[in-house]
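# Commentary on secondary and tertiary structure
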Amino acid sequence: MSEAELRTAVAGHRWLQSLRLRPDLVTPGLKPEAQLKAEEAALFDTLNLKGAHLLEIGAGNGAFSFAALRRGAARVLATDHLAWTLPGSDALSATQWAAHALGAGIEMSPLDPRELTPRFGSFHVVMATACFDQLFNPIQALRGMRSVTERVLLIETLQDGLADARPLMMGHGQVLPIGGPEGSWVFGWGPNLPLMTQLLTDLGFSRVLYRHHPTLGAARGLYAAFLPEAPDGLLEGFHTPWINVTSPQAA
Amino acid sequence: MTPQSELSDQELLARIGRITWFHSLELRPGIVTPGAKSLAVLRREEEALLGPFDLRGRSVLDIGAWNGAFSFASKRRGAARVLATDEFAWTHPTYKGLESFELARAELGLEVETLQLDPTRMDASLGQFDLVLFLGVFYHLFDPIDVLQRMRAVTGQVLLVETHQDALEREEPAMVFYPGRTLANDDTNWWGPNPPLMLHLLRQLGFARIYYRDHPHYLPAEGSRTRGIFAAILPGAEPAMSAHFGIEWRDLGAAGAMRDFRP
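The text that follows walks through the structure, step by step, so that each part is easy to find.

The rules behind the values
- Residues numbered from 1 in each chain as written.
- Chains lettered and ligands numbered in written order.
- Predicted model: local features only at pLDDT ≥ 70, side-chain atom pairs only at ≥ 80, totals over all residues.
- Heavy atoms only, no water.
- Helix = DSSP H or I, 4+ residues; strand = E, 2+ residues; numbered from the N terminus.
- Buried < 20%, exposed > 50% of the residue type's maximum accessible area, 1.4 Å probe, protein only.
- Contact = heavy atoms within 4.5 Å.
- Areas by Shrake-Rupley, 256 points an atom, 1.4 Å probe, with all protein chains shown as cover.
- Lys, Arg positive; Asp, Glu negative; His and termini not counted.
- Charge placed at Lys NZ, Arg CZ, Asp CG, Glu CD.
- Core = buried A, V, L, I, M, F, W, Y, C linked by side-chain atoms within 4.5 Å.
- 1 Å grid on protein atoms, 1.4 Å probe; cavity = no way out; pocket = protein on both sides within 12 Å on 5 of 7 lines; lining within 4 Å.
- Points joined across faces, edges and corners; volume = space filled by probe spheres on them.
- Nonpolar A, V, L, I, M, F, W, Y, C, P; charged D, E, K, R; others polar.

## Let's talk about the overall build of chain A
The helix and strand inventory of chain A stands at seven helices and 14 strands. Principal axes of the C-alpha set define a box for chain A whose edges measure 60 × 40 × 35 Å. Burial analysis of chain A (251 residues in total) assigns 56% to the buried set. Taking the contacts inside chain A whose residues are at least 6 apart along the sequence as the reference set, 65% of them involve residues at least 24 apart. Accessible surface, chain A as shown: approximately 10,000 Å² in total, 55% of it carbon and sulfur. The averaged location of the 23 negative side-chain charges in chain A is 3 Å from the averaged location of its 19 positive side-chain charges.

Structure below.
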């Protein structure tokens, strides 16, 4: 691959994420590099990923999968559903170009998280960004993710109904810049903190940690949910602003 | 079809007495099962739920049929085929739902098919029915979105959803989660959607028009709108199945339809 070919490929794709492929070449993505870096730090500075097997749901252009590999993960499987399968989508092709340019040996596969079962295998770390925002059925997707998680599930999601003490989620429709030229209408959800805590608890996670999004505040939330078999040491890197929101029922 | 039962009144009463009933059904003149829902309540519910539809010659699928009141009502209203399904109540040791259903069916002499199947496992292989009755089930499901998708797959014309609802003060789509025994001290209650949410979910599943009416026994005038009825109509439904919604019903797609749900 020549530099000219790479620059042509970058110009020829629609990018969801701004990835630095060369010191002077950043893909013109919707999500700015600074926000991706802040999210990466918020999610991954907490954990030692050396030797870990990681599954990413909703990888977009793979920014977090590439980051996990840089941080020492032994196996990284990047997946996406809508952005990689809707007719007219070029996000998978863009991600393949990025992996090639970065020399990053990640696996890539289109995947609907609703279809995950234990037969798919298991991963020390499962992560999903823009998690509820773009899922018609986040309950089933969470169940699927739970079924392949060995230790910890990391989630970044839109939030809503934050003033409400009741666990609830609110429906959100949006046009995403995926699929055909006009984009695609996608129906998703914004959960509040009590709902996330309860759902994760009901799905078998025994400890749940939370923090606001590093640049967008409470409009989006980050969750780390641990299975009972996760060693206590795994929680050591979760400092302020992470807080323990584990449901009393889980104890 | 005439009653096949050869039970004496005494024997029938004894069998009725061994079951905990949800529906009051008049099995013989003067012999009514002692349901938690009275005959009068069920009569009003039947009219509210089935009144808009001309069921003559059509097929009906009843999800969560329990003792069978709405399956039998559909048959009496002329449905050519009625398939009653249930699992939770039919296999419940106290409710003895399937036994109760079969006892009532034999007494009433109605041709209604049965299938013991939970809605979480239903799909298009069941076939499509002109009217699907999804009454009092949505909020009992941990994942009602998945099951609503399954209900769409078995609906030929109209899906009728009756459910507990919540978050009525919000005009935006929302559903409230009830962990453990939060709602009515019942750990089988999971979710309370609001009407805007039902509109969005049903539209997203391909229904063209969504009508709403208050439940006849949970009325805003009485300070309670905690249950609602939604009729979701597929594109191309026959007029007999989609054109007779009275004044109690409102088209949720119409401008301003969500405004006056506020308590």
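## Some points on the nonpolar core
In this structure, L200 of chain A together with F134 and L159 of chain B are the most contacted members of the largest nonpolar core, which totals 74 residues. Sequence-distant contacts of L159 of chain B, that is, excluding residues within four places in its chain, are made with V132, F134, L148, M151, L202, F207, F230, A231 and A232 of chain B. Residues V10, L47, L176 and I178 of chain A belong to the second largest nonpolar core, which totals 50 residues.

## Side note on the layout of surface pockets
Considered as a void within the structure, the largest pocket measures approximately 1,100 Å³ in volume. Along the wall of the largest pocket there are 47 residues; nearest its centre are W66, G136, V137, Y139 and H140 of chain B. Elements with a minimum of two residues in the lining of the largest pocket: α6 (138-148) of chain A together with α2 (39-50), β3 (59-63), α5 (144-154) and β7 (155-164) of chain B. When residues of the lining of the largest pocket are assigned to their parent elements, the largest contribution, three residues, is made by α2 of chain B. Looking at the second largest pocket, its volume works out to about 850 Å³. For the lining of the second largest pocket, the elements supplying multiple residues, two or more each, are β1 (15-17), β4 (29-31), α4 (82-85), β9 (149-158), β10 (168-176) and β11 (184-191) of chain A. Residues of the lining of the second largest pocket, tallied by class, amount to 22 nonpolar, 13 polar and seven charged.

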